[in-house]
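# Remarks on the overall topology
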Amino acid sequence: MPARLTWRTFSPTSMIMQPIHVIGGGLAGCEAAWQAARLGVPVVLHEMRPQRMTAAHQTEQLAELVCSNSFRSDDRETNAVGLLHEEMRRLGSLIMRAGDANQVPAGGALAVDRDGFAGAVTAALMSHPLIEIRREEIDGLPPADWDQVVVSTGPLTSPALADAVRGLTGRDALAFFDAIAPIVHRESIDFSTAWFQSRYDKAGPGGTGADYVNCPLTREQYATFIEALVTGDKVSFHDWEAATPYFDGCLPIEIMAERGPETLRHGPMKPFGLTDPHRPDVKPYAVVQLRQDNKLGTLFNMVGFQTKLKHGEQVRIFRTIPGLERAEFARLGGLHRNTFLNSPQLLDPTLRLTARPALRFAGQITGCEGYVESAAIGLLAGRFAAAARRGEAIVPPPSTTAHGALLNHITGGHVSTIDAGPRSFQPMNVNFGLFPPLDAAPAKDADGVRLRGTAKTLAKKRAITGRALADLDGWLAGAVPAAAE
């Protein structure tokens, strides 16, 4: 069993230890740098902004959130992403620490004030004695003498670096489009029509059970709205972009509408679990929800309303939604291009590129999807690189944990297509389908009553999450050196 050590134990030798280089200052890169430094290894974090901006970023802050401000469910007992939150907290995650400190009400979800969150992450990294931040673009493969590198350039990897990786691997990276939802000024919402309520009145961290703004639509209004989405003027693609697939977890609202008139009513516009206090006897046919986007509560984003409609069309169409007739938009929706590796064929079980083991990859570029999933893979990459720098054996987390389940999906848990068609590996959010099955699923409750239906499903999820946290604690105690806060 390796010695239990803190980064302070390593501080004297850190003066002569070669640094780990982390390329990219998004959530994954920031978490990788933080984890390695906490374990006593010096880090150089390379971030190209503000010298070179991207199509989606607006600031030079590290860990800037460019899409939603939600980290999704914080329920650690029955939700896979909530379990991932808890595992990251136990692993000393900077991303979760900053998220918890800057949360805003969001029902059962953990949503954050995006400016406060990015500021907290940036300040923590800038003040760490073992982390150096260099504002520069790495426009090709890192120098050969960088023997421990974490590439966490995310879905907006610079073309020069992406081309260099393609040339090294001999395989094309896959690309898809990710869409951004509009943000509305709260003061422009008509609350004689809209109302505050969380679905089924569920309260989340910092919330009250009335954390979403709800805008109701009748059957006729919904039909008119769907027609407008389908026929609205959209952003044109370049020829080389036309065949790029979308990720199903972040489809543009108009693409969902094209899949059938009832698709949205059973997706982001579902009316279930909500009662209109203005007309309590009338059930809305569909509902548009807006979630608080900043700590002040002055901005709300339209949940599930990612879009590639042109800006003028967005204003025209979204102002037909009851309660948003006079909506003023702090940001309109848009698109950014995402790039990710065919990781099961390119990465080893510790996230190293098999064609050049000095390079590890982390975050969305590996084929995970979501803020916390990206940060979690960055967390593992930082720990793996630190262990390698110290000459220690690398012990991946058990596959029964959320971290292990994600790692397995990326590096070996994917079944390739058996025909000659396109590769089928796609980005994936953490979910219970990635976890190994239980040896024995719960059959009875604490009183000996046989479990059925929803109760049985929830009991199974609790058993999976309980096993995960127990196995994570065992992994930490037996295989990974401790780190100081």
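Structure shown above.
Below: a short report on this structure.

Cut-offs used in this document
- Residues numbered from 1 in each chain as written.
- Predicted model: local features only at pLDDT ≥ 70, side-chain atom pairs only at ≥ 80, totals over all residues.
- Heavy atoms only, no water.
- Helix = DSSP H or I, 4+ residues; strand = E, 2+ residues; numbered from the N terminus.
- Buried < 20%, exposed > 50% of the residue type's maximum accessible area, 1.4 Å probe, protein only.
- Contact = heavy atoms within 4.5 Å.
- Areas by Shrake-Rupley, 256 points an atom, 1.4 Å probe, with all protein chains shown as cover.
- Phe/Tyr/Trp six-rings, centres within 6.5 Å; stacked < 30°, edge-to-face > 60°.
- Polar contact = N/O pair within 3.5 Å; in protein donor to acceptor, adjacent residues only side chain to side chain.
- Salt bridge = Lys/Arg side-chain N within 4 Å of Asp/Glu carboxyl O.
- Expected span 1.5 Å × (residues − 1).
- Pairing = 2+ DSSP bridges.
- Core = buried A, V, L, I, M, F, W, Y, C linked by side-chain atoms within 4.5 Å.
- Axes fitted to C-alpha atoms, helices over the stretch in contact; angles between N-to-C directions.

## Overview of the overall build of the protein
- Along the protein, the regular secondary structure elements total 13 helices and 17 strands.
- Counting every position in the protein, which comprises 485 residues, the buried fraction comes to 56%.
- Within the protein, contacts between residues separated by at least 24 positions form 72% of all contacts whose residues are at least 6 apart in sequence.
- Carbon and sulfur atoms provide 53% of the accessible area of the protein, an area that totals close to 20000 Å².

## Quick notes on the packing of aromatic side chains
- Throughout the structure, instances matching the rule amount to eight aromatic pairs.
- When the ring of Phe-191 is compared with that of Phe-196, the centres are 5.3 Å apart and the planes differ by 10°; the resulting orientation is stacked.
- By relative accessible area, Phe-191 is classed as partly exposed at 28%.
- Exposure remark for Phe-196: the relative accessible area of 28% places this residue in the partly exposed category.

## Some words on the side chain of His-21
- Its location among the elements puts His-21 in strand S1 (residues 20–23).
- Within the structure, His-21 has its side chain in polar contact with the side chain of His-46 (distance 2.9 Å).
- Look past the residues within four positions of His-21 in its chain and what remains in contact with it is Val-44, His-46, Trp-146, Gln-148, Val-149 and Val-150.

## A word on the pattern of salt bridges
- Applying the stated criterion across every chain, the model contains 20 salt bridges.
- Taking the shortest distance from any N to any O, the salt bridge between Arg-90 and Asp-473 comes out at 2.8 Å. Here Asp-473 lies in helix H13 (residues 453–479) and Arg-90 lies in helix H3 (residues 80–90), a separation of 383 residues in the sequence.
- Arg-90 gets classed as partly exposed once you look at its relative accessible area, which sits at 30%.
- As a salt-bridge pair, Asp-233 and Lys-310 come within 3.4 Å of each other at their nearest N and O atoms. Taken together, the residues Asp-233 in the loop between helix H7 (219–231) and helix H8 (253–258) and Lys-310 in the loop between strand S13 (299–302) and helix H9 (311–318) connect sequence positions 77 residues apart.
- Look at the salt bridges and you will find they share partners, linking Arg-76, Glu-86, Arg-90 and Asp-473 into a network.

## Comments concerning helix H2 (residues 27–38)
- A rise of 1.5 Å per residue sets the reference length of H2, with its twelve residues, at 16 Å; its end C-alpha atoms lie 16 Å apart and thus fit the reference within 8%.
- Buried residues dominate H2, accounting for twelve of its twelve residues.
- Considered for burial, the residues of H2 that qualify are Leu-27, Ala-28, Gly-29, Cys-30, Glu-31, Ala-32, Ala-33, Trp-34, Gln-35, Ala-36, Ala-37 and Arg-38.
- Backbone geometry just downstream of H2 places Gly-40 in the positive-phi region, at approximately 85°.

## Concerning the pairing of strand S17 (residues 356–361)
- Judged by how many residues are buried, S17 sits mostly within the fold: five of six residues are covered.
- When strand S7 (residues 149–151) meets S17, the two strands line up parallel, connected through three bridges. Opposite Val-150, over in S17, you have Arg-360 as the bridge partner.
- Bridging between strand S16 (residues 352–353) and S17 involves two bridges; their strand directions are antiparallel. Looking at the pairing, Arg-352 lines up with Arg-360 of S17.
- Where S16 folds back onto S17 in an antiparallel hairpin, the turn is made up of two residues.

## So, the nonpolar core
- Formed by 82 residues in total, the largest nonpolar core has its most connected members in Phe-71 and Phe-117.
- Take this core: its biggest share by element is eleven residues, from helix H11 (residues 371–389).
- The contacts of Phe-117, once residues within four sequence positions are left out, are Leu-27, Ala-63, Leu-65, Phe-71, Ile-95, Ala-98, Gly-99, Asn-102 and Val-112.
- Formed by 34 residues, the second largest nonpolar core is a distinct cluster that contains Tyr-222, Leu-264, Tyr-285 and Phe-305.

## Thoughts on the sheet that holds S16
- Strand order in the open sheet formed by six strands is S6-S2-S1-S7-S17-S16, with mixed pairing between adjacent strands. Each edge of the open sheet is held by one strand with a lone partner, namely strand S6 (131–135) and S16.
- The pairing of S1 with strand S2 (residues 43–47) spans four bridges and is parallel. Bridge pairing links Ile-20 to Val-43 in S2.
- Those strands touched by H11 are S1, S7 and S17, and its axis lies near 145° from that of S17.

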